[in-house]
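# A structural walkthrough
In case you want the letters, here they are:
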Amino acid sequence: MKISDEAYLQVGTQRARRSRVPFYEFLPPEGKTEISVDRLSVAPPDQATSIADSRDNARGRTFYGWAIVTEEKSVGNGRRVVASPIPCQNPYHADIVLPADTANNREKQKLHAQELADSSYWRDRSDRFL
């Protein structure tokens with residue numbers, strides 16, 4: 001399945017809003033290789049924001065916006081992007097999947113996370129979508 005032109009990672013931290021996105025926002029859970037993202041180029045803006053608000057409210061967090069990384073950057077260095085809609089929650093969900101050999105190597109995951117963070121930019125929740 002073809003993914004949209006851009007893959008987006010949601011980051012609900014105030015720090016990301018004020019500065020460069022920190023690499024740890026792009027780290028998958030320990031032992032995993034999937035980084036949860038939203039495909040904002042196919043999601044209606046109001047619906048994307050509503051989904052993010054619901055998710056972060058359930059986690060006791062405030063949603064500030066998204067760290068944006070293009071699909072081109074997301075698939076670099078052996079990574080791939082896979083559509084993975086969450087039924088009844090988020091039809092625009094996808095995963096950036098790191099190479100399998102990173103599952104138990106946190107240092108390799110950190111290198112991928114830093115590369116993604118360095119190529120990302122911040123989109124505030126109030127910014128107009130492309």
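Above this text is the structure in question.
Description of the structure in this document. (Residues numbered from 1 in each chain as written. Predicted model: local features only at pLDDT ≥ 70, side-chain atom pairs only at ≥ 80, totals over all residues. Heavy atoms only, no water.)

### Thoughts on the pattern of salt bridges
Spelled out, the test is: The term salt bridge refers to a pairing of a side-chain nitrogen on Lys or Arg with a carboxyl oxygen on Asp or Glu at a separation within 4 Å. For helices the rule is a DSSP run of H or I covering at least 4 residues; for strands it is a run of E covering at least 2, with both sets numbered from the N terminus onward. For every residue, the accessible area obtained with a 1.4 Å probe (protein chains only) is divided by the maximum for its type, and the residue is called buried under 20%, exposed over 50%, and partly exposed between those limits.
The full count for this structure, using the stated rule, is six salt bridges. For Glu-115, the salt bridge identified is with Arg-79, shortest N-O distance 2.8 Å. Highlighted residues: Glu-115 in helix α4 (residues 106-118) and Arg-79 in the loop between α3 (71-74) and β4 (80-83), separated in sequence by 36 residues. You can call Glu-115 partly exposed: its relative accessible area is 33%.

### A closer look at the side chain of Asp-38
Threshold: In summary, the charge assignment counts Lys and Arg as positive and Asp and Glu as negative, without counting His or the chain termini. Whenever two N or O atoms come within 3.5 Å, that pair is a polar contact, provided that in protein one can donate a hydrogen and the other can accept it, and provided that, for residues adjacent in sequence, both atoms are side-chain atoms.
Within the secondary structure layout, Asp-38 lies in strand β2 (residues 34-38). This buried residue, Asp-38, is left without a salt bridge; Arg-55 holds the nearest opposite charge, at 4.1 Å. A polar atom in the side chain of Asp-38 sits 2.6 Å from the side chain of Asn-90.

### Description of the environment of Asp-118
The topology assignment puts Asp-118 in helix α4. Remark: the alpha-carbon pair of Asp-118 and Arg-20, spanning 98 residues in sequence, is separated by 8.1 Å. Polar side-chain contacts of Asp-118 include one of 2.7 Å to the side chain of Gln-114.

### As for the packing of aromatic side chains
Which entries qualify depends on this criterion: A pair of aromatic rings is counted whenever rings of Phe, Tyr or Trp (Trp by its six-membered ring) have centres within 6.5 Å, and the orientation is called stacked for planes under 30 degrees apart, edge-to-face for over 60 and tilted otherwise.
Scanning all chains against the criterion turns up two aromatic pairs. When the centroid spacing of 4.8 Å and the interplanar angle of 70 degrees are considered together, the rings of Phe-63 and Trp-66 count as edge-to-face.

### Topic: the environment of Tyr-121
Its location among the elements puts Tyr-121 in strand β6 (residues 121-124). Sequence separation of Tyr-121 and Trp-66 is 55 residues, and the distance between their C-alpha atoms is 8.4 Å.

### Considering unusual backbone geometry
Not every positive phi belongs to a glycine, and Asn-77 is a case in point at roughly 60 degrees. Topologically, Asn-77 is positioned in the loop between α3 and β4. For Cys-88, which is not glycine, the phi dihedral falls at a positive 65 degrees. Structurally, Cys-88 is set in the loop between β4 and β5 (93-97).

### Let's talk about the side chain of Thr-33
Rule in force here: Between two residues, a contact is recorded if the distance between any of their heavy atoms is within 4.5 Å.
For Thr-33, the position within the fold is in the loop between α1 (14-18) and β2. A polar side-chain atom of Thr-33 sits 3.3 Å from a polar atom in the side chain of Glu-34. For Thr-33, the residues in contact, after removing those within four places along its chain, are Pro-28, Ile-96, Val-97, Leu-98, Pro-99, Ala-100, Thr-102 and Ala-103.

### Some thoughts on the pairing of β4
Heads up, the rule is: By the convention used here, strands pair only if DSSP detects at least 2 bridges between them.
Residues Val-81 and Ala-83 line the buried face of β4, whereas the alternating positions Arg-80 and Val-82 sit on a face that is not buried. Strand direction decides the pairing type here: β4 and β5, joined by four bridges, are antiparallel. Opposite Arg-80, over in β5, you have Val-97 as the bridge partner.

It is worth stressing that arrangement in space is one thing and function is another; only the former is reported here.
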